[in-house]
Amino acid sequence: EDLMPKTIKLVIAIALLAIGVAAVGCGSDPDEHVGDVNTDELACGMANGEPATGEPIKVRALTTASGGIDFSSAPRSAAAFFECVNDNGGINGRPVDYAYEDDGLDQQKAAQLATQFANDNSVVALAGDATFIGCGAANPIYTKANLYSITGTGVPQACFESSNIAPINAGPRISSVATIQYLHSQGDTERVAQVSNAVPGVGDWLQAGAEAYAKENGIEIVESILHDPVNFDANSIVLDVKNSDPTSVILGDPAPVGAALLKAAVAQGLQESFVWSCLTSCYDASFPEQIGPEWEGFIANSELQLVDAETEDNMLWRAVLQKYGNEDDPRDTFGQSGFLAAKILTDTLLELDPNEINRETVSEAVVGIKGYESDILCTPW
């Protein structure tokens, strides 16, 4: 089975983000990496320029924003888009009441928040979720309550095998397979080491994807390191990588952890000893600043459209963040997916009778979404 769509791109993060080594330390505004865009006329929702004043429609999201991991890029982009929708007529006159809650990397808290959403019958849907650990606990609760999530960023295995949760992104297992496929195509997979966190259903699951591809293609995985996602020693991990004597390395952690590992590699003089690569978490407009000019040519997987692409939906995402978001909102793949989750739900709600929008009608409409197209996606969703 070919686990990677041919349209998924492996990219050179620094070069294709159009900032270059000379501009690595040029400023703190993420928009500087991808360029300012026109925010005068934003085609959000009804795009009529009239603020929505009707009865709010409640939409929520579950994310991991603390506990050692901040994965809130997706709901932050979703929140910005819904603000833009509300400034442009809302959902046929009704504004979207959107908020997201932090599970703190705690499954019990994730279950409590999912129960809170499910028990509030005014919550008609979820959009832009990005929880590192919550899908497995949340899905049975959503199923019982007939509540559905158009998830921005799916991470653990459960997100991709759940009845009421549908991520926009391809996920870390596909990203892992895409990365080793790319390295293989470049002749850099004689011996592969991979590093990821030990969160069940995340690190082990994504590494198993690369291992399955390696087995089928005669590639030797010399080391598969799983570490505590919060309390880890970057220098020790990099030393373990070095001792395994790889030809290439795949990093499967969130971007801040990946940056820490790459800095440790520089400290040990190993940045040119192997081919270093990372999953989609490192495909972020601000990542080159985090790792420094020593990593020119560093490889990162892009699950969606390139963040600086001048295509209609991608430009709208950037313009929405520029006008309604914050300077520190990530311009990354997961921000794209959160924006798109909000846009898909908005387009779906606009097809409904605004006086008949409730959980039952919205859930039926969400289940009926087929073949949604966007220039941010590789193929219809």
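Quick summary incoming for the structure in this document. Bear in mind that the values here come from a model prediction, so they are computed numbers and not experimental data. (Residues numbered from 1 in each chain as written. Predicted model: local features only at pLDDT ≥ 70, side-chain atom pairs only at ≥ 80, totals over all residues. Heavy atoms only, no water.)

**Quick look at the packing of helix α3 (residues 73–86) against helix α11 (residues 312–324)**
How we decide: For every element, the axis is a line fit to its C-alpha atoms; helices are fit only across the contacting stretch, and the angle between N-to-C directions ranges from 0 to 180 degrees. Starting at the N terminus, helices and strands are each numbered in turn, a helix being any DSSP run of H or I of at least four residues and a strand any DSSP run of E of at least two. In these notes the angle categories are as follows: under 35 degrees is roughly parallel, over 145 is roughly antiparallel, 65 to 115 is roughly perpendicular, and the rest is oblique. Only heavy atoms matter for contacts: two residues are in contact if any of them lie within 4.5 Å across the pair. Three classes are used: nonpolar for Ala, Val, Leu, Ile, Met, Phe, Trp, Tyr, Cys and Pro, charged for Asp, Glu, Lys and Arg, and polar for all others, with Gly counted as polar.
Put simply, α3 and α11 touch, their axes get as near as 9 Å, and they point 85 degrees apart. It follows from the interaxial angle that α3 and α11 lie roughly perpendicular. Facing Arg76, Ser77, Ala80, Phe81, Glu83 and Cys84 of α3, the residues of α11 in contact are Leu316, Trp317, Val320, Leu321 and Tyr324. In terms of residue class, the contact of α3 with α11 is made up of eight nonpolar, one polar and two charged.

**Section: the pattern of salt bridges**
Short version of the rule: Any Lys or Arg side-chain nitrogen found within 4 Å of a carboxyl oxygen on Asp or Glu counts as a salt bridge. Relative accessibility thresholds used throughout: buried, under 20% of the residue-type maximum; exposed, over 50%; partly exposed, between the two (1.4 Å probe, protein chains only).
Enumeration according to the criterion identifies seven salt bridges in this entry. Residue arginine 60 pairs with aspartate 97 through a salt bridge whose shortest N-O separation is 3.4 Å. Taken as a pair, arginine 60 in strand β2 (residues 57–63) and aspartate 97 in strand β3 (residues 96–102) lie far apart in primary sequence, 37 residues in all. Owing to a relative accessible area of 13%, arginine 60 belongs among the buried residues under this scheme.

**Notes on the environment of phenylalanine 274**
Mapping phenylalanine 274 onto the fold places it in the loop between α9 (255–267) and β10 (275–278). The exposure class assigned to phenylalanine 274 is buried, which follows from its relative accessible area of 10%. Note: C-alpha distance between phenylalanine 274 and aspartate 245 (29 residues apart in sequence) is 8.7 Å. Contact partners of phenylalanine 274, with chain neighbours within four places excluded, come to Val241, Lys242, Pro246, Thr247, Ser248 and Val249.

**Looking at unusual backbone geometry**
The backbone phi angle of asparagine 92 is positive, close to 50 degrees, even though this residue is not glycine. With respect to the helices, strands and loops of the structure, asparagine 92 is situated in the loop between α3 and β3. Judged by its relative accessible area of 32%, asparagine 92 falls in the partly exposed class. For asparagine 146, which is not a glycine, the phi torsion comes out positive at approximately 55 degrees.

**Structural notes on the pairing of β10**
Under the convention used in this document: A pair of strands is treated as paired once DSSP finds two or more bridges between them.
Relative to β10, strand β9 (residues 248–251) runs parallel, the two sharing four bridges. By the bridge assignment, isoleucine 250 is partnered in β10 with serine 277. Taken together, the two bridges between β10 and strand β11 (residues 299–302) define a ladder with parallel strand orientation. Looking at the pairing, cysteine 278 lines up with alanine 300 of β11.

**Observations regarding the state of the cysteines**
Inclusion rule: Disulfide assignment relies on a single distance test, namely cysteine sulfur atoms paired within 2.5 Å.
Applying the stated rule across the entire model yields three disulfides. The disulfide partner of cysteine 44 is cysteine 84, and the S-S distance across this bridge is 2.0 Å. Its torsion about the S-S bond being 90 degrees, the disulfide of cysteine 44 and cysteine 84 is classed as right-handed. On the criterion of sequence distance, the pair formed by cysteine 44 in the loop between α2 (31–34) and β2 and cysteine 84 in helix α3 is long-range, its members being 40 residues apart. The pair cysteine 44 / cysteine 84 is uniform in exposure class, with both members buried. Here the protein pairs its bonded cysteines, counted in sequence order, in the arrangement 1-2, 3-4, 5-6.

**Some details on the sheet that holds strand β4 (residues 123–127)**
Strand order across the open sheet formed by five strands is β3-β2-β4-β5-β6, with parallel pairing between neighbours. Edge positions in the sheet fall to β3 and β6 (165–167), since each has one partner strand and no second. Each adjacent strand pair in this sheet contributes to an overall mean axis angle of 25 degrees, direction not counted. Here β2 runs beside β4; their pairing, made up of three bridges, is parallel. Looking at β4, one finds that lysine 58 is bridged to valine 123. Relative to β6, helix α5 (residues 135–145) is tilted by about 130 degrees, and along the sheet it contacts β2, β4 and β6. Lying over the sheet, helix α13 (residues 359–367) contacts β4 and β5 (149–151), oriented at roughly 35 degrees with respect to β4.

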